[in-house]
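# Structural overview
The chain contents come next:
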Amino acid sequence: MNHEVLVLNNDYEPLNVCNLRRAITLIYLGKAEVLHTNHSTIHTLHGTIDSPSVVKLRYHVKRPVPELRLSRRSILARDNYTC
């Protein structure tokens with residue numbers, strides 16, 4: 001139970017990579033749905049489930065837009081050092 005699971009936003013934008021335990025918790029709480037499974041199974045008290053490798057959230061998570069810092073280096077990189 002130590003492999004990683006890709007978490008996608010509602011619009012299939014990659015958000016995060018979490019561990020398998022967190023992904024199973026999201027699925028059982030109804031916050032995510034499985035898009036792709038791994039070829040291994042997990043045995044629980046209620047039966048067996050396929051191990052997810054990609055999950056998609058049922059709601060949209062708004063990510064903040066990163067701010068661009070204005071500095072001499074960032075302006076030169078933006079203009080391909082042609083100033």
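Relevant structure appears above.
### As for helix α1 (residues 20–28)
Residues of α1 that are buried include every one of Leu20, Ala23, Ile24 and Leu26, and no others. End-on view of α1: buried residues confined to an arc of 160°, all on one side of the axis. Exposed residues on α1 whose side chains face more than 90 degrees from its buried face are Arg21 and Tyr28. Taken from the residues just after α1, Gly30 is the one with a positive phi, measuring 80°.

### Section: the pattern of salt bridges
Counted under the stated rule, the structure contains four salt bridges. Its salt-bridge partner being Glu13, residue Arg63 comes within 3.4 Å of it at the nearest N-O pair. Here Arg63 is found in the loop between β4 (47–57) and α2 (72–78), whereas its partner Glu13 is found in the loop between β1 (4–8) and β2 (14–19), with 50 residues between them in sequence. For the salt bridge of Glu33 with Lys56, the shortest nitrogen-to-oxygen distance reads 3.4 Å. Residue Glu33 is found in strand β3 (residues 32–44), and its partner Lys56 is found in strand β4; the two are separated by 23 residues along the sequence. Accessibility expressed as a relative area gives 26% for Glu33, which makes it partly exposed. By relative accessible area, Lys56 is classed as buried at 9%. Three or more residues joined by partner-sharing salt bridges are found here, namely Glu33, Lys56 and Arg58.

Analysis parameters
- Residues numbered from 1 in each chain as written.
- Predicted model: local features only at pLDDT ≥ 70, side-chain atom pairs only at ≥ 80, totals over all residues.
- Heavy atoms only, no water.
- Buried < 20%, exposed > 50% of the residue type's maximum accessible area, 1.4 Å probe, protein only.
- Helix = DSSP H or I, 4+ residues; strand = E, 2+ residues; numbered from the N terminus.
- Arc of directions from axis to C-beta.
- Salt bridge = Lys/Arg side-chain N within 4 Å of Asp/Glu carboxyl O.

The values are spatial; any link to function lies outside them.
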